[in-house]
Amino acid sequence: SFQELISERKIVPDNVYLKVIGEIIGFPFIDIEKIAIDEKILRELPEEAIRHYQFIAFGLSGNTLQVGMTDPENEEAIEALRFITQRKGYSLEIYLISEAGFKKVIHDYENVERKVKEALTEVEKQLPNQIKKREGFIFAEPIVAEAPISKIVGVIIRYAIESKASDIHIEPLDNTIKIRFRIDGDLHALLYIKKEFLSQIVTRIKILCRMKIDEQRVPQDGRFHVILDNRKIDFRVSTFPTANGEKIVLRILDPTISVEDLAGLGLVGRNLNIVKKCLSIPYGMVLSSGPTGSGKTTTLYTILKLLNTEDVNIVSLEDPVEYFIEGINQSQIMPEIGYTFATGLRHILRQDPDIILVGEIRDSETASLSVHAALTGHLVLSSIHTNDAFGIVPRLIDMGVEKYLIPSTLSIGIAQRLTRRLCSFCRQELEPPADIKNLIINALKSVSDKEAANYQIDFEKLKSRFVIYKATGCKECGGKGTKGRIGIFETFELTPQLEEVIISKPTESKMKEELFRQGMITMFQDGLLKVLAGQIEINELLRVAKVSY
């Protein structure tokens, strides 16, 4: 910096130079190195804010907090400082300080950090030994700081990645902070930290994401990344104001966890063959349906990766962009500035695309534009909220799409859910109760022997030895009995017979009648076949999928 250059070359004494600068900019210079700062005053400002903005509280005169800044003209720092002090009821008195003085005071900050170090020790005590012993974990540049609060955040992030968690929830309660991880779809409370460190942890994460640390009244979104074993892991961060303080959720986006092929998603037999067809069709719509968290985006990304070759131009509109895929032009919509799926689609068509990904069809305008794009020779992939595949066509009609346009545009419909996958190391055979056995037999009556063979199931052998599997738990799965997740699917393709149904009477009941005639495998049937194959526990399937046969 210019301060450091002046100091190094000894052009003029630091104090003389800074006194002059202070008079010019209107902030008096003070030699902070000569001031004995009370520890309580030091703690008036959050540690992460101190290090990031280079300001420090050194005195309190009545109700006026005296703060030294290396750059008092930094508007962002001033804004953050005013917010912090106003919440505490202080007025401000700002001074110019030297960078050398600031660095010296930071060294003395260790006394203030003593209690935070104790908190770090408590956090590490709660972690499993295998996490504590791990070495070689390297953070990206934004997380290099040695401050204990940074270490606490780093330990939480490291443990979440090691646990293959998909989300980290930092939740303020009355007297403590609860840290929960979502692993294989379920939330687990794993860590507890003293409530007094909430503001510092929140500030640290906000700084990583370049959020406004002085804004606590409204939700904010941001991103940052870490480097682990030479792979980049992204974090999508959301803050949410609650009565007990700001809650933070970090979505972990690890590209190495994403599935590289369709079979790895859980697509088998007829379902797999139908979805594979979308890799060869040059235009039309491929719609994936299901509730939030059902794996729709992962399925669409997997299809996109397989379609991503040098000879095609792929453009996406997403909210938000979850995984960055090299070779694909990904764009994040921003409704707050008028950049919606609909407005983005209009511009995308001017980008000469071959394949378009629309994150979600939410309204009639987006539906109409997506249909128009498919009609004009583009392959359009998108998601839509329906309970099952049978509801996709009625939902499009509800959104105002003319039913005569649907057969010309909709190529493939997919519906799915995510279920916990049984650990292959410790699963145990179980003879099911009579009611469960009868349920399975009745539900699979319409499934052919050939289709069952795709799941490695022999119906003839089941007649003499009918077994399913249950979760037990071992060291490979951390005692849970499950390891990872697998999808259950139902799919359909547009056939001439289905086109007639859509043109004449496209109700869900008529759709079901025709699709069952064609041999459709429902999500529940797909799940039952995976129960017999030892991939899913029956109770897990009944929890996730309704009986639909």
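This is a predicted model, so every value here is computed, not measured.

Helix and strand content of the chain: 24 helices and 18 strands. Among the 549 residues that make up the chain, the fraction classed as buried is 50%. In the chain, of all internal contacts separated by at least 6 residues, the share reaching a separation of at least 24 is 67%. Total accessible area on the chain stands at roughly 26400 Å², and carbon and sulfur atoms take up 48% of it.

Moving on to the pattern of salt bridges. A full pass over the atoms with the stated rule returns 19 salt bridges. Residue Arg465 is joined to Glu429 by a salt bridge in which the shortest nitrogen-to-oxygen separation is 2.3 Å. Residue Arg465 is found in the loop between α20 (459-464) and β17 (468-470), and its partner Glu429 is found in strand β16 (residues 428-430); the two are separated by 36 residues along the sequence. Judged by relative accessible area, which is 40%, Glu429 ranks as partly exposed. Note that Glu514 and Arg517 form a salt bridge whose closest N and O atoms lie 2.8 Å from each other. Here Arg517 and Glu514 lie together in helix α22 (residues 508-517), a separation of 3 residues that amounts to about one turn. We classify Glu514 as buried; its relative accessible area is 10%. Through salt bridges with shared partners, a single ionic network connects Asp186, Arg420, Glu540 and Arg543.

So, on to the sheet that holds strand β1 (residues 55-61). Pairing is mixed in the open sheet, where 3 strands are placed in the order β1-β2-β3. Looking along the sheet, the strands with just one partner apiece sit at the ends: β1 and β3 (91-96). Taken over all neighbouring pairs, the strand axes of this sheet differ in orientation by 30° on average, direction set aside. Across 6 bridges, strand β2 (residues 64-69) lies against β3 in parallel orientation. The residue of β3 that forms the bridge with Val67 is Ile94.

As a further point, take the packing of helix α21 (residues 496-504) against α22. Where α21 contacts α22, the two axes come as close as 10 Å, and the packing angle between them is 170°. As the angle between them shows, α21 and α22 are arranged roughly antiparallel. Residues Gln497, Leu498, Val501 and Ile502 of α21 form the contact with α22, whose own contacting residues are Lys510, Met511, Glu514, Leu515 and Arg517. Residues of the contact of α21 with α22, tallied by class, amount to 5 nonpolar, 1 polar and 3 charged.

Ranked by size, the top nonpolar core spans 64 residues in total, and within it Leu410, Phe492 and Leu541 carry the most contacts. For this core, the element with the most residues is helix α23 (residues 523-532), which contributes 6 residues. In this view, Leu541 contacts Ile488, Phe524, Gly527, Leu528, Val531 and Ile536; residues no more than four positions away in its chain are not counted. In terms of nonpolar packing, the next biggest core, distinct from the first, is built from 34 residues, Ile161, Leu208, Val226 and Ile248 among them.

This next bit is on the packing of helix α18 (residues 434-443) against α23. Where α18 contacts α23, the two axes come as close as 10 Å, and the packing angle between them is 125°. Taken as axis vectors, α18 and α23 run oblique relative to one another. At the point where α18 passes α23, the crossing takes the left-handed sense. In contact with Leu439, Ile440 and Ala443 of α18, α23 contributes Phe524, Gln525, Leu528 and Leu532. Broken down by class, the residue content of the contact of α18 with α23 amounts to 6 nonpolar, 1 polar and no charged.

A separate point is the sheet that holds strand β11 (residues 314-318). Read across the sheet, 7 strands follow the order β12-β11-β13-β14-β10-β15-β18 without closing on themselves; strand pairing throughout is mixed. This sheet does not close on itself; its edge strands, each paired only once, are β12 (329-332) and β18 (482-493). Adjacent strand axes in the sheet meet at a mean angle of 20°, parallel and antiparallel pairs treated alike. In this structure, strand β10 (residues 284-289) lies alongside strand β14 (residues 379-384), joined through 6 bridges in parallel fashion. Across the sheet, the residue bridging to Gly284 is Leu379, located in β14.

Here we come to helix α13 (residues 296-307). In this model α13 runs 17 Å from its N-terminal to its C-terminal C-alpha over 12 residues, within 8% of the 16 Å that 1.5 Å per residue would give. Residues of α13 that are buried include every one of Lys296, Thr299, Leu300, Tyr301, Thr302, Ile303, Leu304 and Leu307, and no others.

Within the secondary structure layout, Gln416 lies in strand β15 (residues 410-422). A polar atom in the side chain of Gln416 sits 3.1 Å from the backbone oxygen of Gly295. Within the local environment of Gln416, its side chain forms a polar contact with the side chain of Thr299, the two groups lying 2.7 Å apart.

Tallying each qualifying case throughout the model produces 0 disulfides. Cys474 supplies the cysteine sulfur nearest to Cys426, a cysteine that is in no disulfide, at a spacing of 3.7 Å. Here Cys477 is not disulfide-linked; the sulfur of Cys426 is the nearest cysteine sulfur, at 3.8 Å. On the accessibility criterion, Cys477 (3% relative accessible area) is buried.

So, about the packing of aromatic side chains. If you walk through the whole model with that rule in mind, you get 5 aromatic pairs. Considering the side-chain rings of Phe390 and Phe516, the 5.7 Å spacing of their centres and the 65° angle between planes classify their relative orientation as edge-to-face. Residue Phe390 is found in the loop between β14 and α16 (392-398), and its partner Phe516 is found in helix α22; the two are separated by 126 residues along the sequence. Residue Phe390 is classed as buried on the basis of its relative accessible area, which comes to 2%. Residue Phe516 is classed as partly exposed on the basis of its relative accessible area, which comes to 36%.

Analysis parameters
- Residues numbered from 1 in each chain as written.
- Predicted model: local features only at pLDDT ≥ 70, side-chain atom pairs only at ≥ 80, totals over all residues.
- Heavy atoms only, no water.
- Helix = DSSP H or I, 4+ residues; strand = E, 2+ residues; numbered from the N terminus.
- Buried < 20%, exposed > 50% of the residue type's maximum accessible area, 1.4 Å probe, protein only.
- Contact = heavy atoms within 4.5 Å.
- Areas by Shrake-Rupley, 256 points an atom, 1.4 Å probe, with all protein chains shown as cover.
- Salt bridge = Lys/Arg side-chain N within 4 Å of Asp/Glu carboxyl O.
- Pairing = 2+ DSSP bridges.
- Axes fitted to C-alpha atoms, helices over the stretch in contact; angles between N-to-C directions.
- Parallel < 35°, antiparallel > 145°, perpendicular 65-115°, else oblique.
- Nonpolar A, V, L, I, M, F, W, Y, C, P; charged D, E, K, R; others polar.
- Core = buried A, V, L, I, M, F, W, Y, C linked by side-chain atoms within 4.5 Å.
- Left-handed = near helix turned anticlockwise from the far one by under 90°.
- Expected span 1.5 Å × (residues − 1).
- Polar contact = N/O pair within 3.5 Å; in protein donor to acceptor, adjacent residues only side chain to side chain.
- Disulfide = S-S within 2.5 Å.
- Phe/Tyr/Trp six-rings, centres within 6.5 Å; stacked < 30°, edge-to-face > 60°.

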